[in-house]
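Summary of the model geometry
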Amino acid sequence: MNNVTSIDDLKSQIANNYQQVKERIAEACLRVHRSPEEVTLVVVTKGHSVERIRCAIELGLNRFGENYVEEGSEKIEAIGQPKGIEWHMIGHIQSRKAEMVVQYFDVVHSLDSLKVARRLERFATQKSKIVPVLLECNVSGEESKFGFFASDPNAWDDLLPDFIEIAQLPHLEIRGLMTMAPFYENPEHTRPVFRKLVELQGYLRTRLPEVCWDELSMGMSSDFEVAIEEGATIVRIGQAILGERPVSLGV
Ligand SMILES: *Cc1c(COP(=O)(O)O)cnc(C)c1O
């Protein structure tokens with residue numbers, strides 16, 4: 001529980017957490033001879049108040065991730081879109097919410113079907129926007145996870161027709177891949193999942209070399225160090241920075 005009594009306490013708590021996460025990112029990078037500059041931090045704000053997000057902004061954090069279009073857009077409205085702040089959609093998108101995603105979000109991590117891609121394209125065209133997207137892939141095979149089903153490398157060829165069509169949509173710009181590992185007590189157990197996403201990236205670079213596959217959005221509070229060791233370029237961290245979520249969201 002967060003026994004927060006004032007905004008100053010809240011801010012110093014978030015500042016401490018952020019400092020610790022930064023150090024852990026740097027140490028993970030050091031272990032595999034990467035530069036911390038190669039790793040972008042997205043602070044996941046789902047379930048957290050606007051007040052808490054404002055504190056994070058005041059501390060210089062500038063990329064935020066939300067899972068739900070409605071919750072996210074309300075907070076974005078409340079915060080008033082200050083300059084230099086990016087909002088990342090990281091949760092499953094229902095087709096009928098595609099227009100709001102294009103309206104409010106700067107990057108989509110959770111593109112998981114051709115159908116949603118076509119919807120995003122339609123609204124991006126209307127709004128004359130280019131939307132950077134990551135293709136969410138379910139490489140663990142866990143049934144509860146969203147994403148293009150990609151747990152069997154022998155079936156990766158089957159992904160190509162959809163990926164080719166998405167790559168050809170003029171208002172979507174593929175930047176890479178996203179995945180979520182299952183939760184394990186021991187984060188070491190997530191390593192094969194992240195490794196498989198890197199293999200899929202290598203496969204796609206060979207098969208669709210004209211598309212950019214550079215970004216790998218993988219790693220959350222419980223497993224970001226392993227993800228960085230395996231090549232994550234974007235980590236999505238909520239609880240380790242903002243504290244425990246006040247309400248439990250079934251995600
Ligand atoms: C909630 C969530 C995160 C962050 O989880 P934490 O445990 O709070 O770090 C990252 N990615 C996705 C897709 C999420 O839903």
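You'll find the structure just up there.
A brief report on the enclosed structure follows. A quick note: this is a predicted structure, and the numbers were derived from the prediction, not measured.

1. Describing helix α2 (residues 50–58)
In an α-helix, one full turn covers 3.6 residues, which means residues spaced three or four apart are oriented alike. Restricting attention to buried positions, one finds in α2 the residues V50, R52, I53, C55 and A56. Residues of α2 that are buried in the fold lie against α1 (7–31), β2 (63–66), α3 (69–79), β3 (86–89) and α9 (239–242). Directly beyond the C-terminal end of α2, a positive phi value near 100° is found at G60.

2. Brief notes about the nonpolar core
Judged by nonpolar contacts, the single largest core of 73 residues is most densely connected at L111, L200 and I241. Among the elements that line this core, the one with the most residues is α1, at seven residues.

3. Section: the pairing of β2
Where strand β1 (residues 40–44) and β2 come together, two bridges link them in parallel fashion. Residue pairing across strands places V43 opposite F64, the latter belonging to β2. Chirality of the crossover, the property in question, places the unit of β1, α2 and β2 among those that are right-handed. The sheet contact formed by β2 and β3 spans four bridges and is parallel. Bridged to G65 within β3 is H88.

4. Focus: the state of the cysteines
Summed over all chains, the structure comprises zero disulfides. No disulfide involves C212; its sulfur sits 14 Å from the nearest other cysteine sulfur, which is in C137.

5. Observations regarding the environment of M89
Mapped onto the elements, M89 comes out in strand β3. Look at M89 and you get buried, because its relative accessible area is 0%. Apart from the residues lying within four places of it in its own chain, the contact partners of M89 are E66, N67, Y68, V69, V101, F105, V107, V108, H109 and S110.

6. Description of the packing of helix α5 (residues 114–126) against helix α6 (residues 160–168)
Contact pair α5 / α6: the axes reach a minimum separation of 10 Å and the direction vectors enclose 5°. Between α5 and α6, the crossing angle belongs to the class labelled roughly parallel. Note on element contacts: α6 touches α5 through D162, E165 and I166, opposite L114, A117 and R118. Residue composition of the contact of α5 with α6, grouped by class: three nonpolar, no polar and three charged.

7. Examining the site of the ligand
V44, K46, N67, I90, M180, M220, S221, R236, I237, G238, Q239 and R245 make up every residue found near the ligand. In the environment of the ligand, an oxygen atom lies 2.7 Å from a nitrogen or oxygen atom belonging to the side chain of K46. Taking R236, its side chain carries an N or O atom lying 2.8 Å from a nitrogen atom of the ligand. In isolation the ligand exposes 380 Å². Once the protein is present, 96% of that is buried. Tallied by class, residues from the shell around the ligand come to five nonpolar, four polar and three charged.

8. Section: the packing of aromatic side chains
Within this structure, the stated rule accounts for four aromatic pairs. With 4.9 Å between their ring centres and 85° between their planes, F148 and F163 make a pair best called edge-to-face. Of this pair, F148 sits in strand β6 (residues 148–149) while F163 sits in helix α6, and the two are 15 residues apart along the sequence. Side by side, F148 and F163 carry an identical accessibility label, which is buried. The rings of F148, F163 and W213 are connected pair by pair, giving a single aromatic cluster.

9. Some words on the side chain of R245
Inspection of the secondary structure assignment puts R245 in the segment after α9. Of the buried charged residues, R245 lacks a salt bridge, with E71 as the closest side chain of opposite charge at 8.4 Å.

10. Some points on the side chain of E121
Looking at where E121 falls in the secondary structure, it is placed in helix α5. Despite its burial, E121 remains without a salt bridge, the nearest opposite charge being carried by R118 at 10 Å. At 2.8 Å, the side chain of E121 and the side chain of H171 are in polar contact. Beyond its immediate chain neighbours, meaning those up to four positions away, E121 contacts L169, P170, H171 and L172.

Thresholds applied
- All residue numbers refer to position in the chain's written sequence, counted from 1.
- Since the coordinates come from a predicted model, pLDDT governs what is reported: local features require at least 70, and pairs of side-chain atoms require 80 or more to be given and counted, while whole-chain, interface and lining totals use all residues.
- Calculation of side-chain values draws on the structure's entire complement of heavy atoms; hydrogens and water are dropped beforehand.
- Remark: exposure states derive from per-residue accessible area (1.4 Å probe, protein chains only) relative to the maximum for the residue type, with buried under 20%, exposed over 50%, and partly exposed in between.
- Runs of H or I in DSSP of at least four residues are treated as helices and runs of E of at least two as strands, each being numbered from the N terminus.
- Any pair of residues with heavy atoms lying within 4.5 Å of one another is described as a contacting pair.
- Buried residues of nine kinds, namely Ala, Val, Leu, Ile, Met, Phe, Trp, Tyr and Cys, make up a nonpolar core once their side-chain atoms join them within 4.5 Å.
- Two strands make a pair as long as DSSP finds a minimum of two bridges between them.
- A clockwise course of the path from the first strand over the helix to the second, judged with the strands pointing away from the viewer, identifies a crossover as right-handed.
- Defined by distance alone, a disulfide is two cysteine sulfur atoms within 2.5 Å.
- In this description, a line fitted to the C-alpha atoms serves as the axis of each element, helices being fitted only across the stretch in contact, and the angle between N-to-C directions of two axes falls anywhere from 0 to 180 degrees.
- Roughly parallel here means an angle under 35 degrees, roughly antiparallel means over 145, roughly perpendicular means 65 to 115, and every remaining angle is called oblique.
- Gly falls in the polar group here, along with every residue not listed as nonpolar (Ala, Val, Leu, Ile, Met, Phe, Trp, Tyr, Cys, Pro) or charged (Asp, Glu, Lys, Arg).
- Summary of the distance rule: residues count as near a molecule or strand when at least one heavy atom falls within 4 Å of that molecule or strand.
- For the purposes of these results, a polar contact is taken to be a pair of N or O atoms within 3.5 Å, where, inside protein, one atom must be able to donate a hydrogen and its partner to accept one; residues adjacent in sequence count only when each atom of the pair is a side-chain atom.
- Here the open area of atoms and residues is found with the Shrake-Rupley method and a 1.4 Å probe, where only the protein chains shown may cover a residue.
- Working definition: rings of Phe, Tyr and Trp (its six-membered ring) pair if their centres are within 6.5 Å, and the pair is stacked with planes under 30 degrees apart, edge-to-face with planes over 60 apart, and tilted otherwise.
- For this count, His and the chain ends are skipped, Lys and Arg are scored as positive, and Asp and Glu as negative.
- Criterion for a salt bridge: a side-chain nitrogen of Lys or Arg within 4 Å of a carboxyl oxygen of Asp or Glu.

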